[in-house]
Amino acid sequence: MTFARRAGLSVIVLLVLAIVAAGILAISTVRRPFPQTSGQVQIDGLTSSVTVQRDARGIPTIYADNASDLFRAQGFVSAQDRFFEMDLRRHITAGRLAELVGESAVQTDRVIRTMGWRRVAEQELPRLEASTRQYLQAYAEGVNAYIGQAGAPGDMSLEYMLLERTNPGYRVEPWTPVDSLAWLKAIAWDLRGDYDDELTRARLSRRLPVKQIAALYPPYPTSRNPPILSPQEWQPQPATEAAAATVPSALTTRDAQGALDRTQTALDAVPRQLGRGPDIGSNSWVVSGAHTTTGKPLLANDPHLDLDIPSIWTQVGLQCRTVRPECPFRVSGFTFSGLPGVVIGHNEKVAWGMTNLRPDVTDFYLEQVSGKTYLRDGVQVPLKERVETIKVAGSSDVSITVRSTAHGPVLSDAVPQVAEAGDRPVVRGATQSNRFEVSLAWTALRPGTTADAIFAINRAGSWDQFRAGARLFDVPAQNLVYADVDGHIGYQAPGLIPIRASATPGAVPGFWPAPGWDSQWDWTGFVPFEQLPWVKDPAKGRIVTANQAVTASTTPFLTSEWDYGFRAERIRSLLASTPKASPEYMAEIQSDVRNIFAPVLVEHLLGTQVDDFTAQAQRLLRDWDGSQPADKTRDSASAAYYNAVWKHLLRLTFDELPPDMAPDGGSRWMVVMEQLIKDPKNDWWDDKTTPGVTEESGEILKRALVEARLDLARKLGKVPATWRWGRLHQLNLKHPVMSDSSVPEVIRDVFERGGIELGGGNAIVDANAWDASTPGYDVTSGPSMRMVVDLSDLDRSRWVNATGQSGHAYNRHYVDQIDAWAAGASFAWPFSDEAVAEAAQETLTLSPSPAETS
């Protein structure tokens, strides 16, 4: 017995030692890619010493003597923190994702190779300013210095270790300036405007009458939610409503409808980088010193994008020790890993923010193809062709032929489903008898100057210099808000906006896919920069942008697919409620959770008679002001029930729509519902599953109340007072690669975080959006970062990222900003040398290699 005990004890000890050893090995493996953030590192290419000071959240501020060393160091530091993310992005944008993750990405690569994102970036590079090319090259050299020192891929990132099983022997390629430029195409793709809705309208034309379709696309409510610029700030022009009075006969054919359905499926093959869906946009506003407690402007910004892990943004300070022509940068803010400079932030003179302008910058064309030619103004002309090879990890290469017309790449060659879109033309005019293909015109497929714009804005010291930089900002077109230390504020809409001379009078330009064989449907140019809306120092002293309409004018035509302005109107009303806005109040507005549309619907919900069980929940809506907090309050219970009712009301009302067109619950659907409630006998209220019975609004409202009550009883319990919006409305941060269902859960848990309860919702300032067409209420997008810039004292500015600075799982800066971000809090944003030094927790000195100094 004694021997048995000793033997058993020995086994236990050995097991404990094995577990400890495995834990140490696991910790060692996870920590191996963590960057060196203090001490000294020698870097090839540096001409002088560079200092990198990191604060308590690992955010670097880089000090250098010249611009090349500054961006060389930024490249090195970016790679230290986020190299796998950078490598993943360049594989996506080059159409080489299958090389990294295998066969599942071949279809994605087909589409992106067909559009040729990287090819456009290659054409773009030599056209940029010499200084921009210099900065891009220096950044690439810094990244490559990291690659050279890191060694094997497994020493750069834990993700590479796990991908080794499916992609053994993977080798990291050197970084190039084109890798940085190609990322701008991915950004432009997700932020393009008037794309999905154009296809949706066309696909509905066979199923529904025009009047019923038109009800789904109401005009922007200018009188209720004013545009960014008033008529006094921008010259008014007669407004024309978006309309499709006549549906092209070919559009309603079975073949054309099938082609449109397949086209939508094909476009969904492109991976989301920033996000798409309800409330993908941003809030940004600026207040002049006359209306602030500081006496100088305050500027706020929070872009609403997909919320993944790591965050879409990184934070950085770029400081020339002495500002001079050879080194003109003292700038800090948010940027993308893989891209030099700062995208949103401030320098020592000016600050700027962005929201998506959402211009209509894409058009489909039907091309009449015969063999290797296509019809163009009565003449068959050659298609442009090239052959590309997609390499696939763990499988054989795939060869594709890419063809293009005068309008752009032929998408129907990229995806077999799209190829069938050529069976019948989806255009105005007579049906053609030959084979048709589908091509795409898109402004981002033209070499542009957005990279020049980033650096020009980074070094701008005045409104005129800022506008000169904005002139270069071609894609993606953004609403730019501005403030400076001299007290000026401003707004500029930049970008390449196509002019479509052939639009039918009274209809929206680019409303339908166009006949590619007739050049009168071609773009005839772009709106001159001087004609794009702008304002400096408006009399009202405030500028609010939240993706709403820019002006009430239809000249120049920008788009008809605006956000419907509820967020903007709420921000405006909050600013108007105080004579002087403080920095703290600006941050408070960013976290506002009031749904200002809700009272419109609640009035009718409370007037609907229901059974006693449902009435227990219905009473939650009494005296509710529309606030949607996550916590344990009566408002939170009310918000939970209201959103459940909203979800079921949309499903019951729009039951004629196919699942992939079901309402997402964003701002457009709120305006749609507001109009339908005024028309209780509208065709949309009728339930098509009850033949012989014609339902009106009252019946559908009652069903929504009843079904929402039952839904939440199952999810949250039978007692309505105990419900919480946060229990339904949660954020689960997904990793772009490790979230795949084929990855074991134990591995996913290493990289991902979830169960984060959030308030807010669709069309709310705290825009933690959710999709009403999906089974749950999970957050799909939200404020990807928040910042408030104080132009009276830049060191009093505040910022926060959605996750953390690091892309390395289990690094202490991987998720160290999540809690503050979720709570609506933020951190000090040091900028002056003194503030940066005081905040510094670690200092790394980057020195020239011996070869550089000899």
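This one's a predicted model, so the numbers in the text were calculated from it and none came from an experiment. (Residues numbered from 1 in each chain as written. Predicted model: local features only at pLDDT ≥ 70, side-chain atom pairs only at ≥ 80, totals over all residues. Heavy atoms only, no water.)

A. Broad picture of the overall build of the protein. Looking only at helices and strands, the protein features 27 helices and 30 strands. Expressed as a percentage of its 854 residues, the buried residues of the protein come to 61%. Residue pairs in contact within the protein that sit at least 24 positions apart in sequence constitute 74% of those at least 6 positions apart. (Helix = DSSP H or I, 4+ residues; strand = E, 2+ residues; numbered from the N terminus. Buried < 20%, exposed > 50% of the residue type's maximum accessible area, 1.4 Å probe, protein only. Contact = heavy atoms within 4.5 Å.)

B. Here's a closer look at the state of the cysteines. Following the criterion strictly, the structure yields 1 disulfide and no others. Here Cys320 engages in a disulfide with Cys327; their sulfurs sit 2.0 Å apart. Judged by the sign of its S-S torsion, about -85 degrees, the bond between Cys320 and Cys327 is left-handed. By relative accessible area, Cys320 is classed as buried at 0%. (Disulfide = S-S within 2.5 Å.)

C. The arrangement of helix H6 (residues 130-150) in detail. Here H6 is 21 residues long and its end C-alpha atoms lie 30 Å apart, about the 30 Å a rise of 1.5 Å per residue gives. Three or more residues of H6 are buried, namely Thr132, Tyr135, Leu136, Ala138, Tyr139, Ala140, Gly142, Val143, Ala145, Tyr146, Ile147 and Ala150. (Expected span 1.5 Å × (residues − 1).)

D. Structural view of helix H15 (residues 463-471). Residues of H15 that are buried: Trp463, Phe466, Arg467, Gly469 and Ala470. Taken down its axis, H15 places every buried residue within 160 degrees of arc, on the same side. Next to the buried residues of H15 lie strand S9 (350-356), helix H14 (450-458), strand S16 (478-484), strand S17 (489-492) and strand S21 (534-536). (Arc of directions from axis to C-beta.)

E. Just the pairing of strand S15 (residues 436-442), in detail. Taking burial as the measure, the 7 residues of S15 include 7 buried ones, the bulk of the element. What you see with S15 is no split at all: Phe436, Val438, Leu440 and Trp442 on one side and Glu437, Ser439 and Ala441 on the other are buried throughout. Pairing of strand S10 (residues 362-370) with S15 involves 7 bridges; the strand directions are antiparallel. In the sheet register, Phe364 faces S15, and the bridge partner there is Leu440. (Pairing = 2+ DSSP bridges.)

F. Inspection of the packing of helix H18 (residues 598-606) against helix H20 (residues 634-653) at higher detail. Running from amino to carboxyl end, H18 crosses H20 at an angle of 80 degrees, the nearest separation of the two axes being 12 Å. Relative to H20, the element H18 is oriented roughly perpendicular. Where H18 abuts H20, its residues Ala598, Leu601, Val602 and Leu605 lie against Tyr642, Val645, Trp646 and Leu649. In terms of residue class, the contact of H18 with H20 is made up of 8 nonpolar, no polar and no charged. (Axes fitted to C-alpha atoms, helices over the stretch in contact; angles between N-to-C directions. Parallel < 35°, antiparallel > 145°, perpendicular 65-115°, else oblique. Nonpolar A, V, L, I, M, F, W, Y, C, P; charged D, E, K, R; others polar.)

G. Summary view of the packing of helix H5 (residues 117-124) against helix H8 (residues 177-191). The contact between H5 and H8 brings their axes to 8 Å, and the two run at 125 degrees. Judged on the interaxial angle alone, H8 and H5 are oblique. At the point where H5 passes H8, the crossing takes the right-handed sense. Between H5, through Trp117, Arg118, Val120, Ala121, Glu122 and Glu124, and H8, the contact on the second element is made entirely by Val178, Asp179, Leu181, Ala182, Lys185, Ala186 and Trp189. Here the residues of the contact of H5 with H8 sort into 8 nonpolar, no polar and 5 charged. (Left-handed = near helix turned anticlockwise from the far one by under 90°.)

H. How the structure looks around the pattern of salt bridges. According to the stated counting rule, one finds 44 salt bridges in the structure shown. Among the ionic pairs, Glu695 bridges to Arg703, the shortest N-O distance being 3.3 Å. A cluster of three or more residues bridged by salt bridges with shared partners is formed by Asp87, Arg90, Arg118, Glu122 and Asp179. (Salt bridge = Lys/Arg side-chain N within 4 Å of Asp/Glu carboxyl O.)

I. Looking closely at the nonpolar core. Phe83, Met115, Trp442, Tyr491 and Leu846 are the most contacted members of the largest nonpolar core, which has 168 residues in total. Sort the elements by how many residues they give to this core and helix H2 (residues 67-93) lands first, with 12 residues. When residues no more than four places from it in sequence are discounted, the contact partners of Met115 are Trp189, Val270, Pro409, Leu411, Leu440, Trp442 and Leu445. (Core = buried A, V, L, I, M, F, W, Y, C linked by side-chain atoms within 4.5 Å.)

J. Here's a closer look at the side chain of Asn762. Checked against the element boundaries, Asn762 lands in the loop between strand S24 (753-757) and strand S25 (769-770). A polar atom in the side chain of Asn762 sits 3.3 Å from the backbone oxygen of Gly665. A polar contact is formed between the side chain of Asn762 and the backbone oxygen of Trp770, at a distance of 2.9 Å. (Polar contact = N/O pair within 3.5 Å; in protein donor to acceptor, adjacent residues only side chain to side chain.)

K. Representation of the side chain of Arg386 within the structure. The residue Arg386 is located in strand S13 (residues 384-390) in this model. Arg386 has contacts with Arg113, Thr114, Gly116, Arg119, Ile400, Thr401, Val402 and Ser404, leaving out every residue within four places of it along the chain.

L. Spatial organisation of unusual backbone geometry. For the peptide bond that leads from Ile309 to Pro310, omega is 0 degrees, which places it in the cis range. Mapped onto the elements, Pro310 comes out in the loop between strand S5 (298-306) and strand S6 (314-320). For the peptide bond that leads from Thr555 to Pro556, omega is 0 degrees, which places it in the cis range. With respect to the helices and strands, the residue Pro556 is situated in the loop between strand S22 (542-545) and helix H16 (566-576). The phi dihedral of Asp377 is positive, around 50 degrees, even though this residue is not glycine. Mapped onto the elements of the fold, Asp377 is located in the loop between strand S11 (373-376) and strand S12 (379-382). Among the residues examined, Asp377 registers a relative accessible area of 45% and is labelled partly exposed.

M. Looking closely at the sheet that holds strand S30 (residues 842-848). Taken in spatial order, the 11 strands of this open sheet run S1-S30-S2-S3-S6-S7-S8-S9-S16-S17-S21, and their pairing is mixed. If you trace the sheet from one side to the other, it starts and ends with strand S1 (39-43) and S21, each paired once. Strand-to-strand twist across the sheet, computed as the mean angle between neighbouring axes with direction ignored, equals 15 degrees. Bridge count for S16 against S17 is 4 bridges, and the pairing is antiparallel. Its bridge partner lying in S17, Tyr482 is registered against Gly490.

N. Representation of the packing of aromatic side chains within the structure. With the rule as written, the count across this model stands at 34 aromatic pairs. Taken together, a centroid distance of 5.8 Å and an interplanar angle of 20 degrees make the contact between Tyr160 and Tyr170 stacked. Taken together, the positions of Tyr160 in helix H7 (residues 158-163) and Tyr170 in the loop between H7 and H8 put the pair 10 residues apart, joining distant regions of the chain. Note on Trp799 and Trp829: the rings are 4.3 Å apart at their centroids and 5 degrees apart in plane angle, and the pair reads as stacked. On the criterion of sequence distance, the pair formed by Trp799 in strand S28 (residues 798-801) and Trp829 in the loop between strand S29 (827-828) and helix H26 (833-839) is long-range, its members being 30 residues apart. The pair Trp799 / Trp829 is uniform in exposure class, with both members buried. Cluster of aromatic residues (ring-pair linked, three or more members): Trp183, Trp313, Phe334, Phe336, Trp799 and Trp829. (Phe/Tyr/Trp six-rings, centres within 6.5 Å; stacked < 30°, edge-to-face > 60°.)

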